[in-house]
Amino acid sequence: MKRYILVLAALTLVRGVLYRLVTPPWQGPDEPGHFEYIGFIAELGYVPADAIEVVPAVTQRVTLSAREHWYKVFQHGWPDLDFALTQNPSGLAGPREAGYQLPLYYQLLVPLYQFTAEQPVLVQYYAFSFVSIGLALATVLLSVYAARLLFPDNQSLLIAVPTLVAFWPQQSFIGAVINNDNLATFIAAWTITGLLYLFRYGVRWPAFVLIVAACAVAPFVKRSAAFLIALSFIAVVMWALWRWGAYRGWQVKHWHWVALGVLVPVAVISAPAFVRWVAPMLLQTPMTVAQLIGGYLYALAYGPPLPAELLERLPARLLIALGNIWSQFGWGRPLLAVWNYQLVGVLAGAAVAGLLRLAVCAWLGNRPMTTRQGLSLLVCVTGILMAGTQSIVVALFLPNFNPPGRYMMTVLIPMSMLLVVGWRALIPERWQPLLPQILLAGLILQDAVSLSLTLIPYFYG
Amino acid sequence: MTTRRVSVAIWIVAAIAVPGVWLWGLASTPLVMRQEMRSVMLFTRPVGEIAGAQTAGQSFVAPYAGLSRIEVLLHNYERANRGTLTLRLREMPNGPDLATSTIATDGVGEETWGMFEIAPRADSAGRTYYFQLDAQETEPHQAVTVLVRPAIAYGEGTAYRNGQPLEGDLTFRVYFSVDVLTRAFVLLSQLIEDRPGLWGHPLFYIAVGLGYIILIVTLARLSIRLSHD
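Note that the coordinates shown come from a computational prediction; the quantities given were computed from them, not determined experimentally. (Residues numbered from 1 in each chain as written. Chains lettered and ligands numbered in written order. Predicted model: local features only at pLDDT ≥ 70, side-chain atom pairs only at ≥ 80, totals over all residues. Heavy atoms only, no water.)

Caption draft 1: Representation of the overall build of chain B in the model. On a plain count of helices and strands, chain B comes out with three helices and 13 strands. Relative to its length of 229 residues, chain B is extended, with a C-alpha radius of gyration of 24 Å against a globular reference of 17 Å. Along the first, second and third principal axes, the C-alpha set of chain B runs to 80 × 45 × 35 Å. Buried residues in chain B amount to 49% of all 229 residues. By sequence separation, contacts in chain B at least 24 residues apart represent 77% of the contacts at least 6 residues apart. Summed over its atoms, the accessible surface of chain B is roughly 11000 Å², and 60% of this surface lies on carbon and sulfur atoms. (Helix = DSSP H or I, 4+ residues; strand = E, 2+ residues; numbered from the N terminus. Rg over C-alpha atoms; globule rule 2.2 N^0.38 Å. Buried < 20%, exposed > 50% of the residue type's maximum accessible area, 1.4 Å probe, protein only. Contact = heavy atoms within 4.5 Å. Areas by Shrake-Rupley, 256 points an atom, 1.4 Å probe, with all protein chains shown as cover.)

Dropping the structure here:
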């Protein structure tokens with residue numbers, strides 16, 4: 001088992017380098033802006049308050065390098081870089097992150113920027129990429145520990161969960177380029193592991209330190225990590241209810257009541273939006289379930305009823321958003337073939353069916369897992385719903401904007417756990433030990449598809 | 001059927017499928033002359049109708065053997081057009097046709113890549129070519145045009161209008177048919193192009209690739225062993 005984890009860790013590093021080698025410089029999402037932000041903080045000595053406070057020399061270095069390295073090949077939509085370089089101060093090759101993104105990721109990279117200050121810009125660029133690869137490795141190692149906390153005696157799950165985390169295509173790509181999502185993913189993995197530790201061992205100092213520190217750091221990492229504070233709060237309340245109930249002698253075999261305790265307040269809070277905006281629309285327009293849910297969430301997020309045009313496009317956009325969670329490389333243009341997303345969709349559906357089977361078993365009193373495990377998985381589900389609502393649903397309603405799947409990498413460990421548990425629930429016990437092998441073989445094949453049929457043809461074809 | 005047999009079957013399928021996908025991907029990745037792509041589509045203008053005696057052309061140097069397709073960015077003047085457009089490949093503007101290819105223009109939109117396929121030219125590496133676009137049978141006001149980039153210098157060729165050199169270059173792409181091994185070598189040269197230090201050294205890429213294969217195989221073997229423990 002230890003050797004497997006060691007090899008998986010080594011492979012994570014090598015795959016990170018491989019994805020970095022295949023992806024040309026500046027082709028990660030918003031990479032020029034991320035690099036520029038680090039440079040601004042290093043040169044100014046403080047975090048710039050807004051995007052106007054620029055250091056022209058840094059911007060020019062980035063734009064010159066971007067122009068040299070085929071940046072324009074893939075970026076038809078951005079202003080011409082020759083023109084950008086004639087501006088005073090020079091325009092940036094892509095959206096500016098300074099003054100917009102939270103600063104912690106960039107501040108952490110400032111020492112590395114200063115250490116490599118005398119080197120060519122691409123040497124600095126690749127040095128930052130190695131930090132991303134390191135964060136991806138740390139996320140995989142945390143997933144190993146998280147799986148051990150949840151399924152200490154189940155070897156197939158102990159292998160399968162970190163394997164899926166390591167090979168997840170979206171994470172493989174974004175984990176090799178410069179992006180603050182990598183820190184958000186790591187902090188989220190850290191938080192989830194802390195919560196699972198709490199459910200396994202109770203209040204001990206590692207859980208306390210992990211959770212409190214993660215909640216303290218999350219507000220400075222990225223907005224997509226903000227949900228971690230609320231998730232931690234809900235999880236701690238769930239844990240306290242469970243332990244208090246056990247202390248009072250309750251038999252919490254129907255742990256779904258705890259879930260209802262969370263869901264009912266959410267329903268009460270959101271009911272007015274439904275009554276005010278969605279219900280009248282429902283009476284007038286025939287709607288699909290996806291449109292109904294979308295309209296409801298839009299009303300929650302924005303208030304007024306969802307415009308008819310957006311409503312019509314919603315099911316298609318929802319499918320794109322879900323597909324993006326599996327993989328959305330580069331600036332969103334190089335995507336896998338449609339059959340690949342369809343296959344993953346079917347497999348995800350199978351996992352959901354497996355989880356429902358487990359839930360029904362639990363409901364009927366035939367407990368497929370311990371209360372602790374059930375509650376831990378419920379925390380995972382809650383985390384996915386919260387991250388999805390915060391990052392994907394709101395973006396879903398922005399016209400001409402495909403919700404980036406990388407925002408959901410904050411719940412990579414919960415998603416991997418639930419998928420693996422769901423699949424396992426559908427496999428007869430005799431065949432269950434084969435699950436890690438089937439998964440690994442499939443993911444190696446997926447890697448070949450991602451690299452040789454998608455990224456290489458896009459960037460070099 | 002035992003789990004061990006299923007396990008063997010899984011890895012036999014994987015051992016065939018994974019290299020197969022890599023080879024398929026490599027073989028199907030087009031080899032394109034990339035120089036022209038250093039421009040943005042935004043900074044183009046129509047060269048003028050291509051109909052009757054009106055022609056447009058471009059000279060270029062083919063970097064690889066197997067020249068097999070030329071694509072030109074066409075524009076329809078925001079109207080429905082009828083007719084055909086012929087590409088003539090030559091060695092020089094007034095030379096004989098080495099190959100011709102004709103496409104229908106009724107499907108051309110505001111920015112459509114017109115694809116002209118020709119028989120692969122095995123000796124194209126390093127040779128200078130010229131292609132001319134004409135539409136002798138097409139009536140004026142029913143013809144399409146090609147987009148030219150006045151501000152971008154291709155450097156190894158010149159655009160032509162009615163046989164006369166023109167400022168800028170046509171927006172074009174040139175494709176080459178090569179075997180998988182050649183494609184792999186070209187890919188390696190594309191990967192290391194303009195990269196600093198270690199990142200620009202082919203041995204580094206080969207080492208990473210080998211490391212990847214060794215670790216994948218080791219991981220597969222360990223997963224088999226752990227499953228049967």
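Having seen the model, we can carry on.
Caption draft 2: Highlighting the side chain of Asp169 of chain B. All names here are of chain B. The topology assignment puts Asp169 in strand E12 (residues 169–170). The exposure class of Asp169 is buried, given its relative accessible area of 2%. Of the polar contacts made by the side chain of Asp169, one reaches the side chain of Gln58; its length is 3.1 Å. (Polar contact = N/O pair within 3.5 Å; in protein donor to acceptor, adjacent residues only side chain to side chain.)

Caption draft 3: Representation of the interface of chain A and chain B. Between chain A and chain B, the residue contacts involve 56 residues of the former and 54 residues of the latter. Taken together, the links from chain A to chain B amount to zero salt bridges. Viewed at the interface, chain B and chain A are joined by eight residue pairs in polar contact (both at pLDDT 80 or more). When contributions to the side of chain A that touches chain B are tallied by element, the ones reaching two or more residues are helix H1 (2–22), helix H3 (56–68), helix H4 (71–74), helix H7 (121–150), helix H8 (155–167) and helix H19 (435–460) of chain A. (Salt bridge = Lys/Arg side-chain N within 4 Å of Asp/Glu carboxyl O.)

Caption draft 4: Representation of the packing of helix H6 (residues 104–115) of chain A against H7 of chain A. Residue and element names in this part refer to chain A. Two elements in contact, H6 and H7, have axes separated by 11 Å at closest approach and are oriented at 130°. By the angle between their axes, H6 is oblique relative to H7. Crossing geometry of H6 relative to H7 is assigned as right-handed. Touching Tyr105, Leu109, Leu112 and Tyr113 of H6 are Gln124, Ala127, Phe128, Val131 and Ser132, all from H7. Here the residues of the contact of H6 with H7 sort into seven nonpolar, two polar and no charged. (Axes fitted to C-alpha atoms, helices over the stretch in contact; angles between N-to-C directions. Parallel < 35°, antiparallel > 145°, perpendicular 65-115°, else oblique. Left-handed = near helix turned anticlockwise from the far one by under 90°. Nonpolar A, V, L, I, M, F, W, Y, C, P; charged D, E, K, R; others polar.)

Caption draft 5: Summary view of the pattern of salt bridges. Considering all chains together, one arrives at 15 salt bridges over all chains under this definition. A salt bridge links Asp30 of chain A to Arg406 of chain A; the nearest nitrogen and oxygen atoms lie 3.7 Å apart. A residue pair is termed long-range when its members are at least 10 positions apart, and Asp30 of chain A in the loop between H1 and helix H2 (31–44) and Arg406 of chain A in the loop between helix H17 (371–396) and helix H18 (412–426) qualify at 376 residues. Taken as a pair, Asp30 of chain A and Arg406 of chain A share a single burial class, namely buried. Arg69 of chain B is the partner of Glu71 of chain B in a salt bridge, and the nearest nitrogen-oxygen pair spans 2.9 Å. For Glu71 of chain B, a relative accessible area of 3% translates into the label buried. If you follow the salt bridges from partner to partner, you end up with Asp30, Asp181, Lys222 and Arg406 of chain A in one network.

Caption draft 6: Here's a closer look at the sheet that holds strand E11 (residues 164–166) of chain B. All names here are of chain B. Read from one edge to the other, the open sheet built from six strands follows the order E6-E5-E8-E3-E10-E11, with strand pairing classed as antiparallel. Both edges of this open sheet fall to strand E6 (99–104) and E11, since each of them pairs with a single strand only. For this sheet the average axis-to-axis angle between neighbouring strands, irrespective of direction, equals 25°. In the sheet, strand E3 (residues 55–61) pairs with strand E8 (residues 128–134) via seven bridges, with the strands oriented antiparallel. Counterpart to Gly57 in the pairing with E8 is Gln132. (Pairing = 2+ DSSP bridges.)

Caption draft 7: Here's a closer look at H7 of chain A. End to end, H7 of chain A covers 44 Å across 30 residues, agreeing with the expected 44 Å (1.5 Å per residue, within 8%). With 22 of 30 residues buried, H7 of chain A is to be regarded as a mostly interior element. (Expected span 1.5 Å × (residues − 1).)

Caption draft 8: Region of interest: the nonpolar core. Ranked by internal contacts, the top residues of the largest apolar core, which has 153 residues, are Tyr4, Phe35, Leu164, Phe167 and Trp168 of chain A. Among the elements that line this core, the one with the most residues is H7 of chain A, at 14 residues. Aside from chain neighbours lying at most four places away, what touches Phe35 of chain A is Trp26, Val62, Tyr113, Val121, Gln124, Tyr125, Phe128 and Ile178 of chain A. Within the second largest apolar cluster, 34 residues are counted, among which are Ala62, Tyr154, Phe172 and Val186 of chain B. (Core = buried A, V, L, I, M, F, W, Y, C linked by side-chain atoms within 4.5 Å.)

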